[in-house]
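For reference, the chains in residue letters:
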Amino acid sequence: MHNLIHDLALLVAKGEFLMLNSDCQSIPKRVRHLSFVSASASRNDFSSLLSDLRRVRTILFSINDENTSESFFTSCISKSQFLRVLDLDDSTIEVLPREIGNLKHMRYLDLSRYCQIKKLPNSICELQSLQTLILRGCLKLEELPKDIRYLVSLRMFVVTTKQKSLQESGIACLSSLRSLIISHCWNLEYLFEHIGQLSGLRSLILVDCPSLISLPSAVKCLSSLETLILIDCENLNLNLNIEMEGEGSHHDRDNTRTHLQKLFVSGLKQLLDLPQWLLQGSTKTLQFLGIEDCPNFMALQGSLKDLEALETLLISACRKLSSLPEDMHHLTTLKTLSIKECPALCERCKPLTGEDWSKIARIPRIMLDDELIKSSDN
């Protein structure tokens, strides 16, 4: 955060926000948001200030110090019974106390880069008001709590775990879930077959899961899904081996397909082209399509012409992609085309002389290797 923005935030917060350090002698009763910013603030001799934290709604505990007292942290939890937000981003605390299950009003829990923790207490699943749970970067976390399905209010879930499979994780039972981000799960090979039960899921993001083999076939049933982002999943095969035409009536198929608005794939070595199931239900909704660093990607198939809402097409580092579809002119809503690190394709798209220039000349904004070739502002 810029210093000026930081100072403005402090001004707006006035007496409700306190950054606790060694100079603090007391915690004013008006304080609702508390931040521990130095290791000295977490030592036992400072615990006298924590006699009454009932009014505190937010605690930021980003202390990167191996000497941080776990008893001090447990004391904070025990005395903050009305806490709404707990941020332990980059903290070095190795054990999350079971008392955390007593924070019945908790809405937001961030354990980002909480790298030392190997196991979460199952009491965390008693936080039935919890809406956001962030476990990004918990590289030593051996498995998710067994009763995670009881987090009935959870809307955003960010996961890092050492598990090979999430099949029995209970994530499919999180009916309120709107955003699921699975990142840095280096051992993960399988998600969970009943992903289709997440009827309200709007965003699915998979990042740096190199062992992931495939997506569950039920992913095509996520009718509320708007954003699908797949990054650095080098062994992921997107061919689900499903026949959409053989599944019920035409009306039923339309109701069980994804209706994506944004699709971005990067670092997928297995990707040769875009599977039909990805685009079938999104012809009237997809606005952004990005394909990056897919070394074996060779073709943008003809169904691209059916994307009635596509506004932005980005293609980067797909060196085997050597031409654009003949029916590119059907993409009448396309406003921005960016192509870079695709030598053969960039050559074919050069103004006037390129063989594919006639296919894209009408597009308002065109960039080749980060050079603006055409702009509607000119």
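See the structure above.
The notes below deal with the structure included here.

Definitions and cut-offs
Every chain's residues receive numbers from 1 upward, in the order its sequence appears when written. With the structure being a predicted model, the display of local features is reserved for residues of pLDDT at least 70 and the display and counting of side-chain atom pairs for 80 or more, all residues being used for whole-chain, interface and lining totals. Only hydrogens and water are set aside; all other atoms, that is, all heavy atoms of the structure, feed into the side-chain values. Only residues whose relative accessible area exceeds 30% and that take part in no salt bridge are eligible for patches, with like-charged residues grouped when within 9 Å of each other and nonpolar side chains (Val, Leu, Ile, Met, Phe, Trp, Tyr) grouped when within 5 Å. What sets the accessible areas is the Shrake-Rupley method with a 1.4 Å probe; for residues, cover comes only from the shown protein chains. Should a side-chain nitrogen of Lys or Arg be within 4 Å of a carboxyl oxygen of Asp or Glu, the pair is scored as a salt bridge. His is not counted, nor are the chain ends, whereas Lys and Arg count as positive and Asp and Glu as negative. To locate a charge, the coordinates of NZ of Lys, CZ of Arg, CG of Asp or CD of Glu are taken. Runs of E in the DSSP output that reach at least two residues are strands. Runs of H or I that reach at least four are helices, and both are numbered from the N terminus. Only protein chains enter the area calculation, which uses a 1.4 Å probe; residues under 20% of their type maximum are buried, those over 50% are exposed, and those in between are partly exposed. Buried Ala, Val, Leu, Ile, Met, Phe, Trp, Tyr and Cys residues form a nonpolar core when they are joined through side-chain atoms within 4.5 Å. Residue contacts are counted whenever heavy atoms from the two residues lie within 4.5 Å of one another. Stacked, tilted and edge-to-face are the three classes assigned to paired rings of Phe, Tyr and Trp, where Trp is represented by its six-membered ring and a pair needs centres within 6.5 Å; plane angles under 30 degrees give stacked, over 60 edge-to-face, the rest tilted. Working rule: Lys NZ or Arg CZ, within 6 Å of ring centre, within 35 degrees of ring normal, means a charge sits over the ring. Strands were regarded as paired on the criterion that DSSP finds at least two bridges between them.

1. Topic: a negative patch on the surface
Here is step 1 of the chain: A contiguous patch of negative charge on the surface is contributed by D232, E234, D293, E341, D369 and E371.
Here is step 2 of the chain: Relative to the elements of secondary structure, D293 occurs in the loop between β12 (288-292) and β13 (312-316).
Here is step 3 of the chain: Given the relative accessible area of 39%, D293 is considered partly exposed.

2. Some remarks on the nonpolar core
Here is step 1 of the chain: In this structure, L86, L133, F157, L180, I182, L215 and I315 are the most contacted members of the largest nonpolar core, which totals 105 residues.
Here is step 2 of the chain: For this core, the leading source of residues is helix α2 (residues 70-78), giving four residues.
Here is step 3 of the chain: Aside from chain neighbours lying at most four places away, what touches L86 is I59, F73, I77, I100, M106, Y108, L109 and D110.
Here is step 4 of the chain: Counting seven residues, the second largest nonpolar core, distinct from the first, contains I134, I181, I205 and I229.

3. Focus on the packing of aromatic side chains
Here is step 1 of the chain: Applying the stated criterion across every chain, the model contains zero aromatic pairs.
Here is step 2 of the chain: Between the NZ or CZ atom of K262 and the centre of the ring of F288, over which it lies, the distance is 5.3 Å.

4. Brief notes about the pairing of strand β8 (residues 179-183)
Here is step 1 of the chain: β8 sits mainly inside the fold: five of its five residues count as buried.
Here is step 2 of the chain: The alternating pattern of β8 places S179, I181 and S183 and L180 and I182 on opposite faces, both of which are buried.
Here is step 3 of the chain: Across five bridges, β8 lies against strand β9 (residues 203-207) in parallel orientation. Residue L180 lies in a different strand from β9, and its bridge partner there is L204.

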